[in-house]
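Structural overview for review
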Amino acid sequence: MAADDAAIAADRHDRAAYAALVVTALSFGGTWVAASVAVDELPPFTIAAVRFGLAGLLLWAVARAAGVRLAPVTRRDLPLIAGLGLTAIAGYNFFFLTGLTLAPATDGSLIVPGISPVLTALLAAPILGEQLRRTTVGGLFLAIAGLVLVVNPQGGTSPSRLLGDLCFLTGAVLWAGYNVLSRIGGTRFNSLSATLYGIVAGTIVLVPLALLEGGPSRLLQTDGAGWLGIGYLALVGSVVGFVLLQFGIRRIGASRAAAFTLLVPVVGVSTSAWLLAEPVGPLTALGGAVILAGLWLVERGGAR
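A brief structural summary. In this text, all values refer to a predicted model and were calculated from it rather than measured experimentally.

With respect to the overall build of the protein chain
For the protein chain, the helix and strand inventory stands at 13 helices and 0 strands. Listing each helix as α and each strand as β along the protein chain from the N terminus yields α-α-α-α-α-α-α-α-α-α-α-α-α. Taken along its principal axes, the extent of the C-alpha atoms in the protein chain is 60 × 45 × 40 Å. Classification of the 304 residues of the protein chain by burial places 46% in the buried group. Taking all contacts inside the protein chain whose residues are at least 6 apart in sequence as the whole, residues at least 24 apart take part in 92%. Accessible surface, the protein chain: about 14,400 Å² in total, of which carbon and sulfur atoms supply 68%.

Some thoughts on the packing of helix α3 (residues 44-66) against helix α10 (residues 224-252)
Running from amino to carboxyl end, α3 crosses α10 at an angle of 40°, the nearest separation of the two axes being 9 Å. By the angle between their directions, the pair α3 and α10 is classed as oblique. Both α3 and α10 take part in a crossing whose hand is right-handed. Contacts between α3 and α10 involve Ile47, Val50, Arg51, Phe52, Leu54, Ala55, Leu58, Leu59 and Val62 from the first element and Trp227, Ile230, Leu233, Ala234, Leu235, Gly237, Ser238, Val239, Phe242 and Val243 from the second. The residue makeup of the contact of α3 with α10, split by class, is 16 nonpolar, 2 polar and 1 charged.

What to know about the packing of aromatic side chains
One pass over the full model with this rule turns up 8 aromatic pairs. Geometrically, the ring pair formed by Trp175 and Tyr178 is tilted, given 5.2 Å between the ring centres and 40° between the ring planes. In this pair, Trp175 and Tyr178 are both assigned in helix α7 (residues 159-185), 3 residues apart and thus about one turn of the helix distant. Classification of Trp175 by relative accessible area gives partly exposed; the value is 29%. On the basis of relative accessibility, which here comes to 13%, the residue Tyr178 falls in the buried class. A network of ring pairs unites the aromatic residues Trp32, Tyr92, Phe96, Phe168, Trp175 and Tyr178 as a single cluster.

Quick look at the side chain of Asn93
On the secondary structure map, Asn93 appears in helix α4 (residues 78-100). A polar side-chain atom of Asn93 sits 3.0 Å from a polar atom in the side chain of Arg51.

What to know about helix α6 (residues 134-151)
Counted at 1.5 Å a residue, the expected span for α6 with its 18 residues is 26 Å, and the 26 Å between its end C-alpha atoms agrees. Buried within α6 are the following residues: Thr136, Gly139, Leu140, Ala143, Gly146, Leu147, Val150 and Val151. The buried residues of α6 occupy an angular sector of 130° when projected down its axis, which confines them to one face. Those residues of α6 that are exposed and aimed more than 90 degrees away from the buried face are Arg134 and Phe141.

Considering the pattern of salt bridges
Applying the stated rule across the entire model yields 2 salt bridges. Of the charged contacts in the structure, one is a salt bridge between Asp77 and Arg188, with a shortest N-O distance of 3.1 Å. Taken together, the residues span a long stretch of sequence, with Asp77 in the loop between α3 and α4 and Arg188 in the loop between α7 and α8 (191-212) at a distance of 111 residues. Note on Asp77: relative accessible area 4%, which makes it buried. Judged by relative accessible area, Arg188 falls into the partly exposed class, the value being 34%. Linking Arg161 and Asp107 is a salt bridge whose minimum nitrogen-to-oxygen distance equals 2.7 Å. Of this pair, Arg161 sits in helix α7 while Asp107 sits in helix α5 (residues 105-128), and the two are 54 residues apart along the sequence. Accessibility expressed as a relative area gives 24% for Arg161, which makes it partly exposed.

Observations concerning α3
Over its 23 residues, α3 runs 32 Å from end to end, which matches the ideal 33 Å to within 8%, given 1.5 Å per residue. Following α3 by one or two positions, Gly67 adopts a phi angle in the positive range, close to 70°.

What counts as what
Residues numbered from 1 in each chain as written. Predicted model: local features only at pLDDT ≥ 70, side-chain atom pairs only at ≥ 80, totals over all residues. Heavy atoms only, no water. Helix = DSSP H or I, 4+ residues; strand = E, 2+ residues; numbered from the N terminus. Buried < 20%, exposed > 50% of the residue type's maximum accessible area, 1.4 Å probe, protein only. Contact = heavy atoms within 4.5 Å. Areas by Shrake-Rupley, 256 points an atom, 1.4 Å probe, with all protein chains shown as cover. Axes fitted to C-alpha atoms, helices over the stretch in contact; angles between N-to-C directions. Parallel < 35°, antiparallel > 145°, perpendicular 65-115°, else oblique. Left-handed = near helix turned anticlockwise from the far one by under 90°. Nonpolar A, V, L, I, M, F, W, Y, C, P; charged D, E, K, R; others polar. Phe/Tyr/Trp six-rings, centres within 6.5 Å; stacked < 30°, edge-to-face > 60°. Polar contact = N/O pair within 3.5 Å; in protein donor to acceptor, adjacent residues only side chain to side chain. Expected span 1.5 Å × (residues − 1). Arc of directions from axis to C-beta. Salt bridge = Lys/Arg side-chain N within 4 Å of Asp/Glu carboxyl O.

Here's what the structure looks like:
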């Protein structure tokens, strides 16, 4: 009976974790539509500064409400925290939002979540000493082939779209760097502390840049759609997604949770095509499928 009760409890935990991770994928996938709405009215540094200023306050409130103690910070931790803020918060969001002004959101929703795990595996090998398996290497090359199909540089793609896709690819590189730094930070901080400290560092960089591009006056002029987009990015795309992701990882482990990364490009493309009426051409669809197949191999192979 005790074994049966334990099995039932474990199954319930799995179901709760799966539900949380599906909502996480929906949350992250929806950021492409929300950001596209926001960049129609506001410049990128302003959007990012307000987004992460709000997200930082909300995450701090979550930590207080949950009784989570933030890890102490020493002087030797400052370069790591600065790296977290410059990669995922300031740098990535500039290229992510700038790319949306030049290329369709469907491109970005395939390139960034599809390529960043591939680049993470490549960076983790020399920096963290992780050995790549053959399955992972095969997935890397397959995902890169899918990227070429999505970008389609020889297919008459406009220079503006190519530049936007290059911004997305640069964002994926920065996000991969953040993933590697997060693994290093995981030896010093708990996950919430590392995320919050990175947000604070990135926001410190973003605020002066937002002021230089006239952020306060632009915020006063924007209508409800711009604020709705920022609100989604801050609350759902940053806080809800992070909290549920950590919940899922605690319940079923990081390796099993990583498989849900496959849902993010699917959600991003489908919502962009539906809500933004962006056409999805055959090469984009084929490239997306190839990227997903490569990402599946990367996640399946993992690293030793």
